[in-house]
Amino acid sequence: MDHAAFRLFYEKTVPMLRAFVIRSCGSDVADDIVQEAFLRFLQSAPMVKLDEAQMRAYLYRTVESLIVNRWHRRQRDERIMQAANRDTGTLRPDPVAEEMSRAFASLDPRHRTLLWMAYVEGFDHKEIATAAKVGEKSVRVLLFRARQMLMKVIKKQ
Amino acid sequence: MNAQQICTMEKSIISAHATERWNELLESHLKSCTFCQDSIEIAKWMGQLAAIPEETRPPDFEVIWTMSRITQASRRRFVPQWEGIAAILAAACIAVWAWSPVESVITKMVPQHSMLLVLFLVSLTLAAGMTLFALSETLDLRRR
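Residues numbered from 1 in each chain as written. Chains lettered and ligands numbered in written order. Predicted model: local features only at pLDDT ≥ 70, side-chain atom pairs only at ≥ 80, totals over all residues.

(A) Spotlight on the overall build of chain B. Check the secondary structure of chain B and you find six helices and zero strands. Starting at the N terminus, the α and β elements of chain B follow one another as α-α-α-α-α-α. Looking at chain B as a whole, 7% of its 144 residues are labelled buried. The long-range fraction of contacts in chain B, counting pairs at least 24 apart against all pairs at least 6 apart in sequence, stands at 57%. (Helix = DSSP H or I, 4+ residues; strand = E, 2+ residues; numbered from the N terminus. Buried ≥ 20, exposed ≤ 12 C-beta atoms within 10 Å, placed from the backbone. Contact = placed C-beta atoms within 7 Å.)

Okay, structure coming up:
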């Protein structure tokens, strides 16, 4: 991928991908994760030819794995988690936005990714299956569960 | 409703919701389908969530691009190290595998009792070569 193509792809992809990372794990680490995901993408991109949907799917898969890794690290270090909670609490002056972000962050990481890919990025089940590295039938089941979890959260609000 | 009863109209309903282009069929379906009603609610909620404005700008793409170039360049420089080691190992393997003909050639040139000395010298040269190679690679890595 050359410089111009990457710029185009980056500018098109980064807003939603970054928003997803911020909603998932807070703004304090989001840019590190986004940067790392794009770096990994660039390092592996010349090896394989992917279409745009596959490239986005690759990025979401990378981002999900980075978020999960960070989540595990945070669980081990309670101090960092508390600092992050304080951070997300002070960064968003809009209480509705803050509550929505917290609700979304409370979901299982895999559910978050599936919901985002399906309802924000507009991926179909096949694209989600590629990104999540599962079969299409499994996507239906997982997405159904993710919807149920989110509906519970929405109804609580 | 279970996962196997996912509504096949969902995509059309979501699309109609996003574009605000409804037709009678979709409208009447939406009234009777709780799955699609939930889908609309989820799509609205997710849309609002995605639209929350960010206070900071994303990382500069030039930084990411430059970092990837640097990483790739250092990887390219790193590759010959493994190739060199592989070449030395391959040469050593071939020497061991083809030792009998090599030995017979040497035996013709030098007396029988000197063979141990030849073997010792060959091993010494190989070991010295590998040590020098490893040292030069280590120093080169430190410079980077």
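(B) Broad picture of unusual backbone geometry. Although it is not a glycine, A:Lys133 adopts a positive phi angle of roughly 55°. Among the structural elements, A:Lys133 can be located in the loop between helix 7 (125–132) and helix 8 (136–156). Phi angles above zero are rare outside glycine, and B:Glu20 is one such case at about 60°. If you trace the backbone, B:Glu20 turns up in the loop between helix 1 (10–19) and helix 2 (24–32).

(C) Inspection of the packing of helix 6 (residues 109–119) of chain A against helix 8 of chain A at higher detail. All names here are of chain A. Taken N-terminus to C-terminus, the directions of helix 6 and helix 8 make an angle of 100°; their axes are 9 Å apart at the nearest point. Put simply, helix 6 runs roughly perpendicular to helix 8. Along its contact with helix 6, which presents Arg110, His111, Leu114, Leu115 and Ala118, the element helix 8 presents Leu142, Leu143, Arg145, Ala146, Met149 and Leu150. Classifying every residue of the contact of helix 6 with helix 8 by side-chain character gives eight nonpolar, one polar and two charged. (Axes fitted to C-alpha atoms, helices over the stretch in contact; angles between N-to-C directions. Parallel < 35°, antiparallel > 145°, perpendicular 65-115°, else oblique. Nonpolar A, V, L, I, M, F, W, Y, C, P; charged D, E, K, R; others polar.)

(D) Expanded view of the environment of A:Met117. Residue and element names in this part refer to chain A. With respect to the helices, strands and loops of the structure, methionine 117 is situated in helix 6. The sequence separation of methionine 117 and leucine 17 amounts to 100 residues, and the corresponding C-alpha distance is 9.7 Å. Once residues within four sequence positions are removed from consideration, methionine 117 is found in contact with Tyr60, Phe123, Ile128 and Ala131.

(E) Spotlight on the interface of chain B and chain A. On the chain A side, the residues contacting the 24 residues of chain B number 33 residues. Listing elements by their share of the side of chain B that touches chain A, those giving two or more residues are helix 3 (34–50) and helix 4 (61–97) of chain B. By residue number, the principal contributor to the side of chain B that touches chain A is helix 3 of chain B, which donates nine residues. In terms of residue class, the side of chain B that touches chain A is made up of 15 nonpolar, five polar and four charged.

(F) Structural context of the packing of helix 1 of chain B against helix 3 of chain B. Residues and elements named next belong to chain B. Contact geometry of helix 1 with helix 3 gives a least axis separation of 10 Å together with a crossing angle of 40°. Taken together, the axes of helix 1 and helix 3 are oblique relative to one another. Crossing handedness for the pair helix 1 and helix 3: right-handed. On the side of helix 1, the interface is formed by Glu10, Ile13, Ile14 and His17, while helix 3 contributes Phe35, Cys36, Ser39, Ile40 and Ala43. Grouping the amino acids of the contact of helix 1 with helix 3 by side-chain chemistry returns six nonpolar, two polar and one charged. (Left-handed = near helix turned anticlockwise from the far one by under 90°.)

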